[in-house]
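One letter stands for each residue in the lines below.
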Amino acid sequence: TLYQAKAHGSGRWERYDPARGEQELTRHSLATAMPAALAHNEFLLHYQPLVSLADSSVRGFEALVRWDHPRLGRVSPGQFIPVAEETGNINALGQWVLEQGCLQARRWFDEFGLDDLYVSVNVAATQLRQPTFVADVLGTLDQVGLPAMCLQLELTESAVAGDTQGALVALRELAAAGVRLAIDDFGTGYSNLAHLGRLPVHQLKIDRSLLSSSRKGEVVDPARDKIIAGTISLAHSLELDVLAEGVETTPQADRLRLLQCDYAQGMLFGGPVPVSEATEVLACQTRRANSA
Ligand code: C2E
Ligand code: MG
Ligand code: MG
Ligand code: MG
């Protein structure tokens, strides 16, 4: 069948693409279902360990949202986060993630007395642009009774690059309050280190795409290896610490350690897991520390 490609504004006739039609349908149904899904508790958080490369100890967890849709099953954030950003639902969802992440950090804080353990929460560009964002974050910390340093916010480069003035003021206020700030997915955007040097951020997270191209039997390809090495040393000279995302093999971890990379996240150390498993990881680590 043919349909008029109105979306492209061209008045051309194109062959109907069932795959695209289905995608549109899914996007639409995700967008309309989202507000009720929040009210019905269909979202949940998984936690992925953020480890020190020096001794493999867990320093924090990244909170990663999942959606158990009653009909579609588990939907990945790669699918619904972009839809949430387009429709504005990301503000309510992001606030929910922030609250749940802080509540969980507080539970771990109470259970294990780890005052340097932090939960890292992803923040979308639209959230950062909300005039109430800083007040919402500080209000949540206050309500939950969580020290600011137990919370990290992850922002992408594009989120802090666009409307710099507003974003910069917000970041300064958050940093001054003691909240940790990280640049997420570094290496996928403009990767402007000079710009980063002017931001009050504490950590650079190198995107896994810089690592994942490594072919079997090779640690990393030489060009990417140089980019990673340069990024780490520049970040350090700007007094940022560095975390590598998507670390899957021991040779990758060994190489990153040699390049003075501080932290890692990836399947080698553990994928995103339900809260019970993350708690078990902390319990093991605490037992080991106490018996040492
Ligand atoms: P991200 O912030 O870069 O999170 C890391 C993603 O990489 C996660 O995907 C994680 O499961 C995956 N990952 C971790 N280690 C490995 C590895 O060793 N190998 C491979 N291949 N993948 C690994 P996930 O959970 O599907 O999340 C995808 C993205 O969705 C996140 O990327 C983040 O941008 C976004 N997202 C997730 N939760 C939230 C949220 O609460 N708010 C916002 N705004 N975005 C979120
Ligand atoms: Mg992230
Ligand atoms: Mg990331
Ligand atoms: Mg990434």
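Where an unreviewed UniProt entry is consulted, the chain appears under the name Bifunctional diguanylate cyclase/phosphodiesterase, with the organism given as Haloechinothrix salitolerans.

Caption draft 1: Structural context of the coordination of the magnesium ion (ligand 4). Taken together, Asp185 (OD), Asp207 (OD) and Glu245 (OE) make up the full set of protein donors to the magnesium ion (ligand 4), lying 2.1 to 2.8 Å away. Spacing between the donor residues of the magnesium ion (ligand 4) along the chain follows D-x21-D-x37-E. A distance of 6.0 Å spans the gap from the magnesium ion (ligand 4) to the magnesium ion (ligand 2). Note that aspartate 207 is positioned in the loop between β9 (203-206) and α9 (209-212) and glutamate 245 in the loop between β10 (241-244) and α11 (250-258), a separation of 38 residues in sequence. Residue classification places glutamate 245 among the buried positions, given a relative accessible area of 10%.

Caption draft 2: Representation of the site of ligand 1 in the model. Around ligand 1 there are 21 residues in total, and Arg66, Asp184, Arg208, Glu248 and Met267 lie nearest to it. Separating a nitrogen atom of ligand 1 from a backbone N or O atom of valine 65 is a distance of 3.2 Å. Interatomic distance of 3.0 Å between a side-chain N/O atom of asparagine 122 and an oxygen atom of ligand 1. Within the complex, 80% of the 810 Å² of free accessible area of ligand 1 lies under protein. Elements with a contribution of two residues or more to the shell around ligand 1: β4 (58-69), α2 (77-87), α3 (90-112) and β8 (180-186). Here the shell around ligand 1 gets 4 residues from one element, more than from any other, and that element is β4. Class assignment of the residues belonging to the shell around ligand 1 gives a composition of 10 nonpolar, 4 polar and 7 charged.

Caption draft 3: How the structure looks around the pairing of β4. Counting buried residues in β4 gives 10 out of 12 residues, a clear majority hidden from the surface. Relative to β4, strand β3 (residues 43-52) is paired through 9 bridges, and the arrangement is antiparallel. Paired with histidine 46 across the bridge in β4 is leucine 64. Counted between consecutive antiparallel strands, the loop separating β3 from β4 contains 5 residues, among which serine 56 sits at a positive phi close to 60 degrees. Bridging between β4 and strand β6 (residues 118-122) involves 4 bridges; their strand directions are parallel. Following the sheet pairing, phenylalanine 61 is matched in β6 by valine 119. Taken together, the 3 bridges between β4 and strand β5 (residues 73-75) define a ladder with antiparallel strand orientation. The residue of β5 that forms the bridge with histidine 69 is glycine 73. Following β4, the chain reverses through 3 residues before pairing antiparallel with β5.

Caption draft 4: Local environment of the coordination of the magnesium ion (ligand 3). At 1.8 to 2.7 Å from the magnesium ion (ligand 3) lie its protein donor atoms, namely Asp184 (OD), Asp185 (OD) and Glu245 (OE). Counting the intervening residues between successive donors of the magnesium ion (ligand 3) yields the motif D-D-x59-E. In this model, the magnesium ion (ligand 3) sits 3.4 Å from the magnesium ion (ligand 2), the two metals being bridged by aspartate 184. On the criterion of sequence distance, the pair formed by aspartate 185 in strand β8 and glutamate 245 in the loop between β10 and α11 is long-range, its members being 60 residues apart.

Calculation criteria
- Residues numbered from 1 in each chain as written.
- Chains lettered and ligands numbered in written order.
- Predicted model: local features only at pLDDT ≥ 70, side-chain atom pairs only at ≥ 80, totals over all residues.
- Heavy atoms only, no water.
- Donors = N, O, S within 2.8 Å, 3.2 Å for Na, K, Ca; no water.
- Helix = DSSP H or I, 4+ residues; strand = E, 2+ residues; numbered from the N terminus.
- Buried < 20%, exposed > 50% of the residue type's maximum accessible area, 1.4 Å probe, protein only.
- Near = heavy atom within 4 Å.
- Polar contact = N/O pair within 3.5 Å; in protein donor to acceptor, adjacent residues only side chain to side chain.
- Areas by Shrake-Rupley, 256 points an atom, 1.4 Å probe, with all protein chains shown as cover.
- Nonpolar A, V, L, I, M, F, W, Y, C, P; charged D, E, K, R; others polar.
- Pairing = 2+ DSSP bridges.

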